[in-house]
Amino acid sequence: MASSTVRVDLDGKPINQLTICMIGAGGFIGSHLCEKILNETQHKILALDVYNDKIKHLLEPDSLSWAGRIQFHRINIKHDSRLEGLIKMSDLTINLAAICTPADYNTRPLDTIYSNFVDALPVVKYCSENGKRLIHFSTCEVYGKTIGSFLPKDSPLRQDPAYYMLKEDASPCIFGSIEKQRWSYACAKQLIERLVYAEGAENGLEFTIVRPFNWIGPRMDFIPGVDGPSEGVPRVLACFSNALLRREPLKLVDGGESQRTFVYIKDAIEAVLLMIENPSRANGHIFNVGNPNNEVTVRQLAEMMTAVYANVSGEPALEKPTVDVSSKEFYGEGYDDSDKRIPDMTIINRQLGWNPKTSLWDLLDSTLTYQHKTYAEAIKKMMSQPTTS
Ligand SMILES: NC(=O)c1ccc[n+]([C@@H]2O[C@H](COP(=O)([O-])OP(=O)(O)OC[C@H]3O[C@@H](n4cnc5c(N)ncnc54)[C@H](O)[C@@H]3O)[C@@H](O)[C@H]2O)c1
Ligand SMILES: O=C(O)[C@H]1O[C@H](OP(=O)(O)OP(=O)(O)OC[C@H]2O[C@@H](n3ccc(=O)[nH]c3=O)[C@H](O)[C@@H]2O)[C@H](O)[C@@H](O)[C@@H]1O
């Protein structure tokens, strides 16, 4: 229920009701952000996407308390003349639309570059020309590899945060060669960040750039063959969930040595709401949003998910829960990887006072409970059907 008391910002000033044009509202992050805004604020949402399956529960029935505060527009921003009008009608635009699954970066590099750079251009332009505020979703992938990854494996400097900690205003962006098409995504995101920043510097665009660090939780991506293509490769949470649901070993790419920090989607969305409601603290900034305390190797993630899922499902884990695969076999030619991703939290702490709360175990527990409830029956049914040859 949206609270009826007056909401105040971090400086104690009342927050005016906003109309928000949310592009990509039907995706993983968009669905959680819509839910949060409708539940806790009085803001209105113009939700733009080509799909709405993940926000269907928010769009109907009309009797819900937020009826009239969310309006879905089925729009592909690549070619739809309604886009500028919707941005003009809004106080703030949030752009989440993107191709953002690594399996696509090296196999569909053109689509990836168009989606993350070319298609985002008109959004930036319309915001700038019409004096509208923009929150643009970038990625932690713009940092690429850490400086430390170029040091010898046994170098003590690898333990020094100066060689791995990722800082918005200091760290370089280090990508692989052009043949490593994995970096098409990071590079496109970096260029759109630079464009947004330049629009701010030269034309006064009021902007905030968000760099998410592996946000995970319910509704992330799809389970192949259930609510997405059988041959599709989602991000790691859904890949591992799919294997656990099917009682198959989890595939560790190149030994599962890469490190990631995972943050619970519900924690991360709180940071976005703070940005929305505190423009004077958020404008002109780039924010890392992640949980530096939740670092694991991908192998450790697989082990933890296996243990959590055994608890959730009540079924014992497989005797051999993981299997090694090469990145070429799994993703194809042109894959490369970020070695380690720890967000520096100084800027978001200083500007918005935000800190993540949820431990990796707890966030996996609630997420895998959701995956089990949502998919276990469908998978069982599918697997019991005879395969056609
Ligand atoms: N989930 C994460 O941890 C993470 C990490 C880093 C960056 N990001 C960035 O955050 C944003 C949202 O990510 P997500 O995880 O919610 O992804 P998602 O794929 O679930 O959501 C993206 C949404 O954008 C929509 N979309 C794509 N192209 C569109 C177009 N041309 N017109 C209209 N709609 C279009 C898709 O249909 C989808 O619903 C992306 O920009 C992504 O790069 C996410
Ligand atoms: O979420 C993020 O912050 C960003 O990172 C992701 O990139 P990445 O973390 O590399 O993608 P995942 O699919 O989540 O993979 C994480 C790691 O697990 C590995 N992996 C993935 C899937 C699998 O089945 N097995 C496996 O070992 C990958 O090789 C990678 O090392 C995506 O690029 C974006 O969604 C986003 O910009």
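Everything here concerns the structure above.
So, a few notes on the structure that sits alongside this text. What you see is a predicted model; the values in this text were computed from it and never measured.

Basis of the calculations
Residues numbered from 1 in each chain as written. Chains lettered and ligands numbered in written order. Predicted model: local features only at pLDDT ≥ 70, side-chain atom pairs only at ≥ 80, totals over all residues. Heavy atoms only, no water. Helix = DSSP H or I, 4+ residues; strand = E, 2+ residues; numbered from the N terminus. Polar contact = N/O pair within 3.5 Å; in protein donor to acceptor, adjacent residues only side chain to side chain. Contact = heavy atoms within 4.5 Å. Near = heavy atom within 4 Å. Areas by Shrake-Rupley, 256 points an atom, 1.4 Å probe, with all protein chains shown as cover. 1 Å grid on protein atoms, 1.4 Å probe; cavity = no way out; pocket = protein on both sides within 12 Å on 5 of 7 lines; lining within 4 Å. Points joined across faces, edges and corners; volume = space filled by probe spheres on them. Nonpolar A, V, L, I, M, F, W, Y, C, P; charged D, E, K, R; others polar. Buried < 20%, exposed > 50% of the residue type's maximum accessible area, 1.4 Å probe, protein only. Phe/Tyr/Trp six-rings, centres within 6.5 Å; stacked < 30°, edge-to-face > 60°. Lys NZ or Arg CZ within 6 Å of the ring centre and 35° of its normal.

With that settled, the discussion passes to the side chain of T139. Looking at where T139 falls in the secondary structure, it is placed in the loop between β5 (133-137) and β6 (165-166). Separated by 2.9 Å, the side chain of T139 and the backbone nitrogen of E141 make a polar contact. Beyond its immediate chain neighbours, meaning those up to four positions away, T139 contacts Y185, K189, V210, R211 and P212.

Let us look at the site of ligand 1. Taken together, 25 residues form the shell around ligand 1, and within it F28, D49, N76, Y185 and W215 come nearest. The backbone of L96 places a nitrogen or oxygen atom 3.1 Å from an oxygen atom of ligand 1. A total of 810 Å² of accessible area belongs to ligand 1 in isolation, and the protein chains cover 89% of it. Every element with two or more residues in the shell around ligand 1 is listed here: α1 (28-40) and α7 (183-203).

Each pocket or cavity is described by its volume, and for the second largest pocket that value is around 470 Å³. Those elements giving two or more residues to the lining of the second largest pocket turn out to be α8 (236-246) and β9 (250-253). Residue contributions to the lining of the second largest pocket peak at five residues, all from α8. Of the residues that constitute the lining of the second largest pocket, the class distribution is 10 nonpolar, four polar and four charged.

This part is about unusual backbone geometry. In this structure, R219 takes a positive phi of about 70° despite not being glycine. As for its position among the elements, R219 is in the loop between β8 (215-216) and α8. The phi dihedral of R247 falls on the positive side, at around 55°, and the residue is not glycine. The residue R247 is located in the loop between α8 and β9 in this model. Classification of R247 by relative accessible area gives partly exposed; the value is 38%.

With respect to the secondary-structure elements, W183 resides in helix α7. For W183, a relative accessible area of 3% translates into the label buried. Between the C-alpha atoms of W183 and I113, which are 70 residues apart in sequence, the distance is 9.8 Å. In this view, W183 contacts E141, G144, K145, F175, G176, S177, D336, D337 and S338; residues no more than four positions away in its chain are not counted.

With the rule as written, the count across this model stands at seven aromatic pairs. Measuring from centroid to centroid gives 6.0 Å for Y143 and F213, while their planes differ by 45°, and the two rings are tilted. Of the two residues, Y143 is situated in the loop between β5 and β6 and F213 in the loop between β7 (207-212) and β8; the sequence distance between them amounts to 70 residues. Assigned by exposure class, Y143 and F213 land together as buried. An aromatic cluster of at least three residues, connected via ring pairs, comprises F330, Y331 and Y335. Across the ring face of W183, the terminal group of R182 is positioned such that the distance to the ring centre comes to 5.4 Å. When the ring centre of Y143 is taken as origin, the NZ or CZ atom of R211, which lies over that ring, is 4.8 Å away.

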